[in-house]
Each structure stands twice: as C-alpha cells, then as structure tokens.
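Coordinates in review
Given next are the chains, with one letter for each unit.
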Number of protein chains: 2
Amino acid sequence: MTARRTIGVLGGMGPLATADLYQKIIAATPAQRDQDHLHVIIDADPTVPDRTAALLHGGPDPTPWLVAGARRLAAAGADFIVIPCNTAHAFLGTIRDAVPIPILSMVDETAAALAALLPPGAPAGILATAGTVAVGLYQTALAAVGLDARVPSPEAQTHVDAAIAAVKAGDLSRASTDRALRAAQELVDRGARALVAACTELPLILRPEDVPVPLVDPTAVLAQAAVRVARDARVPLEGGTPHAVRP
Amino acid sequence: MTARRTIGVLGGMGPLATADLYQKIIAATPAQRDQDHLHVIIDADPTVPDRTAALLHGGPDPTPWLVAGARRLAAAGADFIVIPCNTAHAFLGTIRDAVPIPILSMVDETAAALAALLPPGAPAGILATAGTVAVGLYQTALAAVGLDARVPSPEAQTHVDAAIAAVKAGDLSRASTDRALRAAQELVDRGARALVAACTELPLILRPEDVPVPLVDPTAVLAQAAVRVARDARVPLEGGTPHAVRP
C-alpha cells in the first residue's frame, strides 16, 4: 500500500460544520472496509472566539486558540491540517507561521475549483459571513484566478448572517434555507454564474437543487483535496503557499 | 461558567460510526452558538485491525493501536475517553490500564439505560458483531444489572454481520436494513422486550420505527453520558470501574 498521510482537522467552528467535513472526507475515500479509510485527527474547540466579531467589531482575537489547536494536531501526529471554517482563513498566515506542518487553504482550493467551472472573468456569487466578506477573502482569491466575485447587498447580507447564526444554534429548518436563498437569488439576478456556499454552515441548509446555478461547496472541495493529499504521500504538499495542492 | 472537561473520542471503527457519535454529542449539547459546545478531540485511526477477527479468528491484536490512540488523546488534552465501537470494549481493561485518564464504558452505560427501561429479569435482544456476541460483552453487562441478554441464532447472526460489513463499505441501503431486521424480528419472536443496536454501525441503518419494541442505541447513550460528564467537571468520573458515571 502507498504511504499515506494523517489528516488534521482544526474544527469546532462550528461543530456541525466539522462533522460535515469529516463525513465528506469519509464519503470521498474509496473504501470497502474500515482499514481502507484515512487516519483523521480532529481538534474541535468551539471556544475559539467568534471570527467575524474579531474582524469587524473588536472582539477577542481567535488566533491564540487557532494556533494552540493547530499545534495540538501537529503534536498528535497530523501530517497536514485543514480548517472547516472559511472566516478563520482570515488568520491563516499567522497559523501557518506557527506550526511545522502545511495547512491547505479551503479558499484557494475553492477558487481553483471555480476556475475549472467558469469561463475567465465570469461573476461568481459569494455567500459568507460578514467577516469573510469584509476582509475580501474570496474577492482576493477569485481575482487571483481571473474571476469576478460578487457579494450580497448589505440588506441581503443580514439574511445570510441570520441563516448562519440559526445553523450554529442547531436550526436546520426551511426558514433558515429561505433566508439564505433570498441572498442567493439576489446574486443570481445580478449575474452570478455560480454560487459559493462560503461559510461551512451554509451547505447544511443549502442544496444544489435549491438554486438555479451551480452551487460550489467549499467543505466538499476541501474534503476532496484532503483525501487526494492523504491517500498518497508522494503528492506534493507545501505549506504557506497559495494553491498548496497541485497533484 | 462551570468548568468543563474535554472529550476524547477513540474512533475510526468505523469512521461513519465515529461521525455519528460526534453528531450525537453535538445534538445532546444545549447550545445557542459555537462557544456553548464542548471541546472534542477525535483520533480516528481506521487501520486498527479488525476486532472480531482478533477475537474469533486469530487476527492481529488491535490493542497496540487502541492504546496508542488513547495515549495520543490523553497527550492532546482529553480529560476522558469514549470509544464508539462496541467490539473494541473487549479490550477495554488493557486500554484503561495504559492511559492516565478515565474511559467511559459504552457497554456499561447501555446496560444501565436498559435497567431503567425494563423490569428486572426481562429479556433484551442483542444485535452485535460475532466478536461482541462471542466474548459475551452484553451478556455479562446485562446480567450485572439483572437483565437477560438474548443473542441471535447462528443463522440470524450471519445477517447481522453482513449488514455491519455493508455499512463499513458505505452501503446504507434498505437491503442492509432488511438483513438486520431479520435478526431483530427473530429476537422479538423469542421474547426480547427491547433491542440493543450493539454495533455502532447498526444505528446508521436501523431506526426505532423499524422494530416493534424499544430500540436502544448505545452510541446515543454514550453521547449523552459524555456530554453529562463534560459539561460539569464536578460530576464524578472514575476510570477503570464499571458504571464509571453516576452523577
């Protein structure tokens, strides 16, 4: 058997999104029995301070928690790390500098997936937390691959934020879906050729069949990248660089 | 806020059962936001050798893998451990002796839950791997609480084993459910007043509404015990003893 890598998941932001990533890693792994699956270590510390509050409202800096969790994963034997929280990627540079193992970027992986899906210059709509939108995580990553990121109007953004908060409180009801859909429709009306469910809570309430354009799920993209890198230790893997994984 | 404990999950046996336990821990935790949830560390190493093969067919001893995983969890900061694999509980004594933190017993927790559900001496049907059945894990635990464990006939047991193998290969289809149900019906016909889905793969294909008697899910029982112990560090928690948790 080819040498494998152990996946470290820096999770808990929120817990359901972490469980969702783990299930998508399992589903993306070709397996007939337990032993075909990959070694996954998950550190889910939900006490990490709110990422959007830190970015926008002067809330406590989550970086010490994120670095501590990443170090626990490295110490426990993870060969690389994935982070199932888009907003936490605003702090990715600092975390990468603090740990000895590479960290895949969910944002960069998703931008690469969009670039394979859309023609150059095409607009893609970003559904994300106010924090992710404000710091321009996806706007920057999409520009780097020649795509045009469009974000919701301030009013539509409040619906996205409310839907995300509902999921974090365990509410996966149709009402939450409908709030997210209002913003989705606005982005499609403004020309988006694809939508990105760019907060890990959103794929839990938004399905591809709910929207009239392709819906890209960064959690699924990240799961596939993690499985690709973990199943064959010969696949190049470098930390600290955009688009770390290009097998 | 009351001091909390960090939950360590010794998982991967199989991966889907580990994801199921994590989701049941999340669902059992009263929470309105990420920060209300519990710190969970999961070590899911699916390369642990097959537990039933070791118990019945001279396969490799999984104990070194289980001990290594439990030690990683303790080193990473877990305050206690839960193991979402019933058959692995055949090796519980050795693992408990090897780590400095307590390990809850899913088998003992489930026996206690059954004792609260059934009158003294009542028969309960055990759906489990051939390994769990052969070493008498549930027969012993139920006898200790004054209940009568009934196990499937050899023919019905082959259906249970086939259903479990299907889930481990990712097959959650109705056909798998039907195979498990054949054994369930046999146990009910032989007087079982409750059924225990005593392999962590079984709750993924067997629902309470599928069977005519109460169906006890040890994964859910373990999740509730873990949340109870983790949410309040004042709740007594001793390792190495049966019924470790009696708040």
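The structure presented is a predicted model; accordingly, all values stated were derived computationally and were not measured. (Residues numbered from 1 in each chain as written. Chains lettered and ligands numbered in written order. Predicted model: local features only at pLDDT ≥ 70, side-chain atom pairs only at ≥ 80, totals over all residues. Heavy atoms only, no water.)

Turning to the overall build of chain A, a few remarks are in order. Each helix and strand counted, chain A has ten helices and seven strands in total. Its C-alpha radius of gyration of 17 Å places chain A within 12% of the 18 Å reference for a compact globule of 247 residues. Relative to its 247 residues, chain A shows a buried fraction of 61%. Accessible surface, chain A: about 8900 Å² in total, of which carbon and sulfur atoms supply 55%. Taking the average location of the 20 positive side-chain charges in chain A and that of its 24 negative ones, the two points are 4 Å from each other. (Helix = DSSP H or I, 4+ residues; strand = E, 2+ residues; numbered from the N terminus. Rg over C-alpha atoms; globule rule 2.2 N^0.38 Å. Buried < 20%, exposed > 50% of the residue type's maximum accessible area, 1.4 Å probe, protein only. Areas by Shrake-Rupley, 256 points an atom, 1.4 Å probe, with all protein chains shown as cover. Lys, Arg positive; Asp, Glu negative; His and termini not counted. Charge placed at Lys NZ, Arg CZ, Asp CG, Glu CD.)

All names here are of chain A. With parallel pairing, the four strands of this open sheet are ordered in space as S5-S4-S6-S7. With partners counted over all chains shown, the strands left at the sheet margins are strand S5 (148–150) and strand S7 (215–216), one partner each. Across three bridges, the pairing between strand S4 (residues 123–127) and S5 is parallel. Its bridge partner being in S5, Ala124 is matched across the sheet by Ala149. Strands in contact with helix H5 (residues 106–117) are strand S6 (194–197) and S7; relative to S6, the strand with the most contacts, it is inclined by about 165°. Contacts from helix H9 (residues 174–189) reach S4, S5 and S6 within the one sheet, and its direction differs from that of S4 by about 165°. (Pairing = 2+ DSSP bridges. Contact = heavy atoms within 4.5 Å. Axes fitted to C-alpha atoms, helices over the stretch in contact; angles between N-to-C directions.)

This brings us to unusual backbone geometry. The amide bond that connects Met13 of chain A to the next residue, Gly14 of chain A, takes the cis arrangement and shows omega of -5°. In this fold, Gly14 of chain A is placed in the loop between strand S1 (7–11) and helix H1 (15–27).

It takes a turn of 180° to lay chain B on chain A, together with a shift of 0.0 Å along the axis; the resulting RMSD is 0.0 Å. What the superposition gives is, in effect, a two-fold axis relating one chain to the other. The rotation axis passes nearest to the C-alpha of Ile42 of chain B in chain B, at a distance of 2.4 Å. Mapped onto chain A, 100% of the interface residues of chain B again fall at the interface, so both copies present the same surface. (Least-squares fit on C-alpha atoms with pLDDT ≥ 70 in both.)

Moving on: helix H1 (residues 15–27) of chain B. With 13 residues, H1 of chain B should reach 18 Å at 1.5 Å per residue; the first-to-last C-alpha distance of 18 Å fits that figure. All of the buried residues in H1 of chain B are Pro15, Ala17, Thr18, Ala19, Asp20, Leu21, Tyr22, Ile25 and Ile26 of chain B. Packing partners of the buried residues in H1 of chain B comprise H1 and strand S2 (40–44) of chain A together with strand S1 (7–11), strand S2 (40–44), strand S3 (80–82) and helix H10 (218–231) of chain B. (Expected span 1.5 Å × (residues − 1).)

Glancing now at the nonpolar core. Judged by nonpolar contacts, the single largest core of 88 residues is most densely connected at Ile7 of chain A together with Ile7 of chain B. Aside from chain neighbours lying at most four places away, what touches Ile7 of chain B is Ile25, Leu38, His39, Val40, Ile41, Ala78, Phe80, Val82, Ala226 and Ala230 of chain B. (Core = buried A, V, L, I, M, F, W, Y, C linked by side-chain atoms within 4.5 Å.)

Okay, the interface of chain B and chain A next. A common way to state how big an interface is: give the accessible area lost once the parts meet. Each side of the interface is counted separately: chain B has 34 residues, and chain A has 34 residues. Summed over both sides, the interface of chain B with chain A buries roughly 2800 Å², with 54% coming from carbon and sulfur. Broken down residue by residue, the surface that chain B buries against chain A is led by Tyr22, Asp34 and Gln35 of chain B, which jointly contribute 21%. Taken together, chain B and chain A are joined by four salt bridges. With a closest N to O distance of 2.9 Å, Asp34 of chain A and Arg51 of chain B form a salt bridge. Linking chain B to chain A there are twelve residue pairs in polar contact (both at pLDDT 80 or more). Of all the secondary structure elements, the ones that give two or more residues to the side of chain B that touches chain A are H1, S2 and helix H3 (63–76) of chain B. Per-element accounting of the side of chain B that touches chain A gives the leading share, seven residues, to H1 of chain B. As paired elements, S2 of chain A and S2 of chain B share five bridges and run antiparallel to each other. Its bridge partner lying in S2 of chain B, Ala44 of chain A is registered against Val40 of chain B. (Buried area = accessible area lost by both parts, 1.4 Å probe. Salt bridge = Lys/Arg side-chain N within 4 Å of Asp/Glu carboxyl O. Polar contact = N/O pair within 3.5 Å; in protein donor to acceptor, adjacent residues only side chain to side chain.)

The next subject is the sheet that holds S2 of chain A. Pairing in this open sheet of six strands is mixed, and the strands run S3(A)-S1(A)-S2(A)-S2(B)-S1(B)-S3(B) from one edge to the other. Looking along the sheet, the strands with just one partner apiece sit at the ends: strand S3 (80–82) of chain A together with S3 of chain B. The sheet shows a mean angle of 20° between the axes of neighbouring strands, direction not considered. Bridge count for S1 of chain B against S3 of chain B is three bridges, and the pairing is parallel.

What follows concerns the environment of Gly69 of chain B. All names here are of chain B. Residue position: Gly69 is located in helix H3. Once the C-alpha coordinates of Gly69 and Ala31 are considered, the two residues, 38 residues apart in sequence, prove to be 29 Å apart. Not counting residues up to four positions away in its chain, the partners in contact with Gly69 are Leu10 and Asp43.

A separate point is the side chain of Thr110 of chain A. Residue and element names in this part refer to chain A. Here Thr110 lies in helix H5. Residue classification places Thr110 among the buried positions, given a relative accessible area of 0%. With residues near it in sequence (within four places) discarded, Thr110 still touches Tyr138, Val196, Val216, Pro218 and Val221.

Glancing now at the environment of Arg150 of chain B. All names here are of chain B. Looking at the element boundaries, Arg150 is found in strand S5 (residues 148–150). Look at Arg150 and you get partly exposed, because its relative accessible area is 25%. Distance from Arg150 to Arg193, taken between C-alpha atoms, is 10 Å for residues 43 residues apart in sequence. Beyond its immediate sequence surroundings of up to four residues, Arg150 is in contact with Pro123, Ala124, Gly125, Ile126, Leu187, Arg190 and Gly191.

Let's shift gears to the domain arrangement of chain A. Residues and elements named next belong to chain A. Examined at the domain level, chain A breaks down into domain 1 (7–105 + 220–231) and domain 2 (107–218). Using C-alpha coordinates to define each centre, domain 1 is positioned 20 Å away from domain 2. The interface of domain 1 with domain 2 comprises 22 residues on the first partner and 25 residues on the second. In total, domain 1 and domain 2 occlude about 1800 Å² of area from one another, counting both sides; carbon and sulfur atoms represent 57% of this. Looking at the side of domain 1 facing domain 2, the largest losses of area belong to Asn86, Ser105 and Val221, adding up to 35% of the total buried there. Across the domain 1-domain 2 interface, the total number found is 17 residue pairs in polar contact (both at pLDDT 80 or more). At the level of secondary structure, the elements contributing two or more residues to the side of domain 1 that touches domain 2 comprise H1, helix H2 (51–56) and helix H10 (218–231). (Domains from an automatic or database assignment.)

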